[in-house]
Amino acid sequence: MAYMVMNNDVKNLPWFHPNITRHIAESLLVQNGTDGTYLLRSSSKSGELALSVRAKDSVKHFPIKWNGKEYVFGLGTFETIKEFEDHFKNQPLIGGESGILTVLKHPYPRNVAEPEVYETVRVHAEFGSSKKDQSGKPNFQVGSKEGYLTKLGGHRKNWKTRWFVLVKNELKYFKEHKDTVPIRTLDLTECTGIAKDTSKGKSNCFRLVFTWRTFYIFAQTDEEATEWIQLIKWKLDALKTSSGASL
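Residues numbered from 1 in each chain as written. Predicted model: local features only at pLDDT ≥ 70, side-chain atom pairs only at ≥ 80, totals over all residues. Heavy atoms only, no water.

Undergrad: I tried to follow the overall build of the chain on my own but got confused; where do I start?
TA: If you tally the helices and strands in the chain, you get 6 helices and 16 strands. Split into buried and exposed, the 247 residues of the chain put 44% on the buried side. Total accessible area computed for the chain in this model is approximately 13,200 Å², and 51% of it derives from carbon and sulfur atoms. (Helix = DSSP H or I, 4+ residues; strand = E, 2+ residues; numbered from the N terminus. Buried < 20%, exposed > 50% of the residue type's maximum accessible area, 1.4 Å probe, protein only. Areas by Shrake-Rupley, 256 points an atom, 1.4 Å probe, with all protein chains shown as cover.)

Written as structure tokens, this is what we have:
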């Protein structure tokens with residue numbers, strides 16, 4: 001896999017995302033993409049890449065192998081990823097057992113500028129709709145997420161369920177889903193880390209660390225907690241990379 005990541009044919013692709021997981025890819029494509037939106041990412045399997053494609057209301061994942069000379073996809077071979085991309089812009093992919101057909105329409109860019117106006121995005125997040133322009137094309141932004149989580153209070157040390165919304169580099173939590181004014185907005189540029197936590201005796205718990213306070217939060221399932229952790233960690237890693245590049 002190391003060879004493939006360093007291969008300039010892949011590395012220089014604007015829609016190659018080397019550091020995202022399957023779950024993050026699904027989050028990005030479901031919330032911000034449309035049918036046919038796609039991205040290429042590193043696979044958890046050695047020697048493979050993974051193509052993730054939005055197909056109607058789900059995301060399909062396809063393995064792409066490198067045999068040392070060509071990219072192998074099913075029974076087909078391609079000398080370059082560009083050749084592969086051009087082929088499936090005209091020929092449909094078949095989504096496994098579901099049989100859903102889709103063609104590659106909109107590459108999901110690795111480097112995207114996120115909206116500066118949070119409240120506009122907040123409305124979209126509240127009603128769970130994907131952001132599209134009038135042409136039906138996706139309006140890309142880096143991963144957002146929303147849902148109920150339970151947090152430990154800072155003073156009373158009791159657990160309260162709140163509605164959390166992650167947009168850009170802000171994590172907001174609200175008393176109820178319908179509320180428009182958050183109880184608090186956490187600036188992730190001030191966050192020093194996130195990790196699973198077992199110290200509070202709660203399943204599916206993680207901690208979000210700031211210099212001034214550590215927040216303890218748990219989800220209903222381990223999968224949900226993992227998705228929140230991975231997405232926030234990805235944002236923190238991107239902030240570190242951006243900060244290092246500006247030095």
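Undergrad: How do you make sense of the nonpolar core when you look at a structure like this?
TA: Within soluble globular proteins, side chains that are nonpolar generally end up buried alongside one another. Counting 30 residues, the largest nonpolar core has Leu171, Phe206, Leu208, Trp228 and Ile232 as its most contacted members. Listing elements by their share of this core, those giving two or more residues are helix H3 (22–32), strand S11 (159–167), strand S12 (170–174), strand S14 (191–196), strand S15 (205–210), strand S16 (214–218) and helix H6 (222–246). Per element, the largest residue contribution to this core is 7 residues, and it comes from H6. Apart from residues no more than four positions distant in its own chain, Ile232 is found in contact with Leu166, Leu171, Leu188, Ile194 and Leu208. Judged by nonpolar contacts, the second largest core, of 20 residues, contains Tyr38, Leu40, Tyr71 and Phe88. (Core = buried A, V, L, I, M, F, W, Y, C linked by side-chain atoms within 4.5 Å. Contact = heavy atoms within 4.5 Å.)

Undergrad: Please clarify how the layout of surface pockets should be interpreted in this entry.
TA: To find leftover empty space, a probe the size of one water molecule is rolled over the atoms. The volume enclosed by the second largest pocket comes to roughly 270 Å³. Contributing to the lining of the second largest pocket are Lys151, Gly153, Gly154, His155, Arg156, Asn158, Lys160, Arg162, Tyr173, Ile183, Arg184 and Arg213. For the lining of the second largest pocket, the per-class residue count stands at 2 nonpolar, 4 polar and 6 charged. (1 Å grid on protein atoms, 1.4 Å probe; cavity = no way out; pocket = protein on both sides within 12 Å on 5 of 7 lines; lining within 4 Å. Points joined across faces, edges and corners; volume = space filled by probe spheres on them. Nonpolar A, V, L, I, M, F, W, Y, C, P; charged D, E, K, R; others polar.)

Undergrad: Looking at this structure, I do not really get the sheet that holds S12. What am I missing?
TA: The strand order S13-S12-S11-S10-S16-S15-S14 describes an open sheet built from 7 strands, whose pairing is antiparallel. Of all the strands in the sheet, the pair left with one neighbour each is strand S13 (184–187) and S14. Strand-to-strand twist across the sheet, computed as the mean angle between neighbouring axes with direction ignored, equals 30 degrees. Of the pairings in the sheet, the one linking S15 to S16 comprises 5 bridges and is antiparallel in character. The partner of Phe206 across the bridge, within S16, is Ile217. (Pairing = 2+ DSSP bridges. Axes fitted to C-alpha atoms, helices over the stretch in contact; angles between N-to-C directions.)

Undergrad: How should I be thinking about helix H4 (residues 81–88) in this particular structure?
TA: The α-helix advances 3.6 residues per turn, and as a result positions three or four apart in sequence lie on the same side. Those residues of H4 that sit buried are Ile81, Phe84, Glu85 and Phe88. Buried residues along H4 cover an arc of 100 degrees about the axis, so they all sit on one side. (Arc of directions from axis to C-beta.)

Undergrad: Please explain the pairing of strand S2 (residues 37–42) as it appears in this structure.
TA: Both faces of the sheet carry side chains from a regular strand, because those side chains alternate between them. Of all the 6 residues making up S2, 6 are buried; the element is thus mostly covered by neighbouring parts of the structure. Taken together, the 2 bridges between strand S1 (residues 16–17) and S2 define a ladder with parallel strand orientation. Note on S2: the bridge partner recorded for His17 is Arg41. Once you follow S1 into H3 and on to S2, the crossover reads as right-handed. Where S2 and strand S9 (residues 106–107) come together, 2 bridges link them in parallel fashion. Considered in S9, the bridge of Tyr38 is made with Pro107. Examined bridge by bridge, S2 and strand S3 (residues 48–55) share 5 bridges and lie antiparallel to one another. What sits directly across from Tyr38, in S3, is Val53. Between S2 and S3, which pair antiparallel one after the other, the connecting turn spans 5 residues, and Gly47 there sits at a positive phi close to 80 degrees. (Right-handed = clockwise from strand over helix to strand, strands pointing away.)

Undergrad: Can you help me understand the environment of Phe16 in this one?
TA: Tracing the backbone shows Phe16 in strand S1. Taking the relative accessible area as the measure of exposure, Phe16 reaches 2% and is therefore buried. Separated by 26 residues in sequence, Phe16 and Ser42 place their C-alpha atoms 8.3 Å apart. Excluding residues within four positions of it along the chain, Phe16 makes contact with Val10, Lys11, Leu40, Arg41, Ser42, Leu49 and Arg110.

Undergrad: Help me understand a positive patch on the surface, please; the structure alone is not making it clear to me.
TA: A cluster of like positive charges, contributed by Arg156, Lys160, Lys175 and Lys178, occupies part of the molecular surface. Here Lys160 lies in strand S11. (Patch = residues over 30% accessible without salt bridge, like charges linked within 9 Å, V, L, I, M, F, W, Y side chains within 5 Å. Salt bridge = Lys/Arg side-chain N within 4 Å of Asp/Glu carboxyl O. Lys, Arg positive; Asp, Glu negative; His and termini not counted. Charge placed at Lys NZ, Arg CZ, Asp CG, Glu CD.)

Undergrad: Before we go on, may I ask you to explain the packing of aromatic side chains in this structure?
TA: Between two aromatic rings, the relevant description is the distance of the centres plus the angle of the planes. Scanning all chains against the criterion turns up 14 aromatic pairs. Taking 4.6 Å as the distance between ring centres and 55 degrees as the angle between the ring planes, the aromatic pair formed by Trp66 and Tyr71 counts as tilted. Exposure class is identical for Trp66 and Tyr71. Each is buried. With a centroid separation of 5.3 Å and an interplanar angle of 40 degrees, the aromatic rings of Phe210 and Trp212 are classed as tilted. The exposure class of Phe210 is buried, given its relative accessible area of 4%. Put simply, the rings of Phe62, Phe73, Phe78, Phe84 and Phe88 pair up and form one aromatic cluster. (Phe/Tyr/Trp six-rings, centres within 6.5 Å; stacked < 30°, edge-to-face > 60°.)

Keep in mind that these numbers describe shape and distance, not what the molecule does.
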